[in-house]
Amino acid sequence: MAPLKAVFLAHTAAPSGAELATLRLVSAMPAGQTAVLYTEDGPMLRLMAARGIETRVVTTSFDSRAMTIDKAGIRSLLVGATGLLRLGWTLGATVRDLEATVLVAGSTKAVLMGAVAARRARVPLVWHVHDRVSRDYFGRVLALVIRVLGWVVARAVIANSGGTLASLYTWRRAAVVAYPGVEFPPDNDTAADESALPREQRPQEQRPAGETIIAVVGRLAPWKGQDLFLRALADVKTLPREVFLVGGTFFDEEPYRAELEVHATALDLPVTFTGHVDDPESYLRHADILVHCSVLPEPFGQVVVEGMRAGCAVIATRPGGPEEIVEPGVNGLLVTAGDRAELTRALDTLIADQELRVKLADAARVRSRDFDVAESGRIVTDLLTGLPGKRWRRG
Ligand code: GLC
C-alpha cells in the first residue's frame, strides 16, 4: 500500500475560516504527506509556504468566484457547475502528478471539481465539510442536492462539528468529527507554563467595568451578525472602553463594512475596525470579552476557542458549533442567535461583573485545551490512511 499522500483542494485562497482551519490541520498532519491545491492565487499560498507545506495553483479561464452557490438560480448554477467540472478534469492531472492517494475537498465547489479530479487521478474523494448543509444557508432544494451529491461522490466525510455532521447523509460512509482546533506549543502544561511566559504574553487580567475591551473577530459578513452586535452594544448600561472589530471582507462584503462603520459612528460607539489580520491572537489577549454573534447557526466557530485560549470571557450564539464548545455559566455565556436584547443582557452581565469574567475566562482556558489541533490531525490522518481501496487500480 502506498504511503498516505493527502491532497487538499480549495476553491479559494483567501484566508477565511475554512482555509485557516485547513492550514492548521495540514500542519498537524505528518510532514511531507500532504499538499494543498488551489484554483486561484491568494494569501493562503504564502501562509502555507511559510510552514513548508507543498502547494499548487491550477487556474483555467473559468472563474469559480463568479458563481455563488448559495441560493443561486438553477441556470447560473448549471453554467457554473459545468465550468467546475471542466476545471476538475484539469485538476485531476495535477492530483495525479502529486501522487495523491486521496483527495480532500474543502467546500461545496471543491466537491464538484474534486469529484472529477479524483476520478481522473483514480483516488478516493473525501469531503471536508465546514458548512452546515441546511436550508438556512442554501435553500431547501439546493441543500438536498448538495447532501445527495456529497453522499454519491465522497467516500468519507470529515465534519467540523457534530452539528455539521448531523446536516449530512452519511449512510454507509466513513464519517468523523474533527474540530478545527487551535495550536498549542508541544508539551505545554497549562498552569505551569503560563506563569513561565513573559508578562506581555500572559493572558490579560480582567479590567473593571468602564475599562473593558471587547473583541469581535471574524470576517465581516451579514450572517456573522456584527450589525446586530453594534445595535446590542448601543443599549448597554456601561459602555466598554474600546471595541475591536477584527476581520476583513473577502467575498464582495465591502458594502457591509461601510454599513457597519456608519452604524458605529451614528451610535457613537468606541469601535475600531482593524481589517483582516493574519493572527488575531494579540487582540484576543488584549481583550476582556470576546463576542461571537452569528445570526445563523455557526458551523463550528474557531474564534470562540481562540478567545477562550487567550483568556477572554466569551459570549457566543446558539444553536450551532459554540454549543459544543461552551458550557454556559461555566466557561462562557451562550445567547440565542439573532436576539439583540439577550445579547445586550449578556454584555451587561459580563461588563458589570469582573469576578464572573475572571471565573469564566479561567475555565475557558482549560476548556480550550480540548480543542488541540494535534488531536484533529490524528483523527484525520487515521481516517485518510484507513480508507479502503485507497488507490484504484490504474487502467
Ligand atoms: C467555516 C465555518 C466556521 C468554522 C470554519 C472552520 O468558516 O463557517 O464555523 O469554524 O469553517 O471549519
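In this text the structure is predicted, and so the values were computed from the model without any measurement.

1. Observations regarding the site of the ligand
Phase 1 of the analysis: Around the ligand lies a shell formed by Gly-17, Ala-18, Ala-21, His-130, Asn-160, Pro-180, Trp-223, Glu-298, Pro-299, Phe-300, Gly-301 and Gln-302.
Phase 2 of the analysis: Glu-298 places a side-chain nitrogen or oxygen 2.5 Å from an oxygen atom of the ligand.
Phase 3 of the analysis: Here Gly-301 contributes a backbone N or O atom positioned 3.0 Å from an oxygen atom of the ligand.
Phase 4 of the analysis: Alone, the ligand offers 310 Å² of accessible surface; in the complex the protein occludes 91% of this.
Phase 5 of the analysis: Mapped onto the domain boundaries, the shell around the ligand takes at least three residues apiece from domain 1 (6-181 + 373-385) and domain 2 (194-370).

2. Remarks on empty space enclosed by the protein
Phase 1 of the analysis: Under the counting rule described, the total for this entry stands at 4 cavities of 30 Å³ or more.
Phase 2 of the analysis: Put simply, the largest cavity is a space of about 90 Å³.
Phase 3 of the analysis: Taken together, 14 residues line the largest cavity, and the ones lying closest to its centre are Leu-9, Ala-10, Glu-19, Thr-22 and Gly-106.
Phase 4 of the analysis: When residues of the lining of the largest cavity are traced back to their parent elements, those giving at least two are strand S1 (6-10), helix H1 (17-27) and strand S2 (34-38).
Phase 5 of the analysis: Residues that form the lining of the largest cavity fall into these classes: 7 nonpolar, 6 polar and 1 charged.

3. Let's talk about the domain arrangement of the protein
Phase 1 of the analysis: When cut into domains, the protein gives domain 1 (6-181 + 373-385) and domain 2 (194-370).
Phase 2 of the analysis: Every contact between the two is made by 22 residues of domain 1 and, on the other side, 15 residues of domain 2.
Phase 3 of the analysis: Each partner contributes to the roughly 1,500 Å² buried at the junction of domain 1 and domain 2, and carbon and sulfur atoms together form 55% of this total.
Phase 4 of the analysis: The interface formed by domain 1 and domain 2 contains 2 salt bridges.
Phase 5 of the analysis: Close ionic contact of Arg-46 with Asp-278 constitutes a salt bridge, the shortest N to O distance being 3.4 Å.
Phase 6 of the analysis: If you look at where domain 1 meets domain 2, you find 8 residue pairs in polar contact (both at pLDDT 80 or more).
Phase 7 of the analysis: Within the residue set of the side of domain 1 that touches domain 2, elements represented by two or more residues are H1, helix H2 (43-50), helix H5 (135-138) and helix H7 (162-166).

4. So, the side chain of Glu-298
Phase 1 of the analysis: Checked against the element boundaries, Glu-298 lands in the loop between strand S11 (289-291) and helix H12 (302-309).
Phase 2 of the analysis: The buried category is assigned to Glu-298, whose relative accessible area is 5%.
Phase 3 of the analysis: Reaching out from Glu-298, the side chain makes a polar contact with the side chain of Ser-294 at a distance of 2.6 Å.
Phase 4 of the analysis: Residue contacts for Glu-298: discarding those within four places in its chain leaves Arg-132, Tyr-137, Trp-223, Lys-224, His-292, Pro-319, Gly-320, Gly-321 and Pro-322.

5. Comments concerning the sheet that holds strand S4 (residues 102-105)
Phase 1 of the analysis: Read from one edge to the other, the open sheet built from 7 strands follows the order S3-S2-S1-S4-S5-S6-S7, with strand pairing classed as parallel. Edge positions in the open sheet fall to strand S3 (55-57) and strand S7 (174-177), since each of these has one partner strand only. The sheet shows a mean angle of 20 degrees between the axes of neighbouring strands, direction not considered.
Phase 2 of the analysis: Pairing between strand S6 (residues 156-159) and S7: 4 bridges, direction parallel. In the sheet register, Val-157 faces S7, and the bridge partner there is Ala-175.

6. What to know about the nonpolar core
Phase 1 of the analysis: Within the largest apolar cluster, 35 residues are counted, with the highest numbers of intra-cluster contacts made by Leu-91, Val-95, Leu-103, Trp-127 and Val-133.
Phase 2 of the analysis: Mapped by element, the contributors of at least two residues to this core are S1, S2, helix H3 (74-97), S4, helix H4 (108-121), strand S5 (125-129), H5 and helix H6 (140-153).
Phase 3 of the analysis: Among the elements that line this core, the one with the most residues is H4, at 7 residues.
Phase 4 of the analysis: Sequence-distant contacts of Leu-103, defined by excluding residues within four places in its chain, comprise Val-7, Leu-9, Val-95, Gly-114, Ala-117, Ala-118, Val-123, Pro-124, Leu-125 and Val-126.
Phase 5 of the analysis: Ranked by size, the runner-up nonpolar core spans 31 residues in total, among them Ala-232, Val-243, Ala-313 and Leu-360.

7. Thoughts on the sheet that holds strand S9 (residues 242-246)
Phase 1 of the analysis: Strands sit in the order S10-S9-S8-S11-S12-S13 across an open sheet of 6 strands; the sheet is parallel. On the outer flanks of this sheet lie strand S10 (271-275) and strand S13 (333-336), each paired with one strand and no other. Going from strand to strand, the sheet's axes swing by 25 degrees on average, the running direction of each strand aside.
Phase 2 of the analysis: Alignment of strand S8 (residues 213-217) against S11, held across 2 bridges, turns out to be parallel. Note on S11: the bridge partner recorded for Ile-214 is Ile-289.
Phase 3 of the analysis: In this fold helix H10 (residues 254-266) packs onto S9 and S10, with an angle of close to 160 degrees to the strand it touches most, S10.

About the cut-offs
Residues numbered from 1 in each chain as written. Predicted model: local features only at pLDDT ≥ 70, side-chain atom pairs only at ≥ 80, totals over all residues. Heavy atoms only, no water. Near = heavy atom within 4 Å. Polar contact = N/O pair within 3.5 Å; in protein donor to acceptor, adjacent residues only side chain to side chain. Areas by Shrake-Rupley, 256 points an atom, 1.4 Å probe, with all protein chains shown as cover. Domains from an automatic or database assignment. 1 Å grid on protein atoms, 1.4 Å probe; cavity = no way out; pocket = protein on both sides within 12 Å on 5 of 7 lines; lining within 4 Å. Points joined across faces, edges and corners; volume = space filled by probe spheres on them. Helix = DSSP H or I, 4+ residues; strand = E, 2+ residues; numbered from the N terminus. Nonpolar A, V, L, I, M, F, W, Y, C, P; charged D, E, K, R; others polar. Contact = heavy atoms within 4.5 Å. Buried area = accessible area lost by both parts, 1.4 Å probe. Salt bridge = Lys/Arg side-chain N within 4 Å of Asp/Glu carboxyl O. Buried < 20%, exposed > 50% of the residue type's maximum accessible area, 1.4 Å probe, protein only. Pairing = 2+ DSSP bridges. Axes fitted to C-alpha atoms, helices over the stretch in contact; angles between N-to-C directions. Core = buried A, V, L, I, M, F, W, Y, C linked by side-chain atoms within 4.5 Å.

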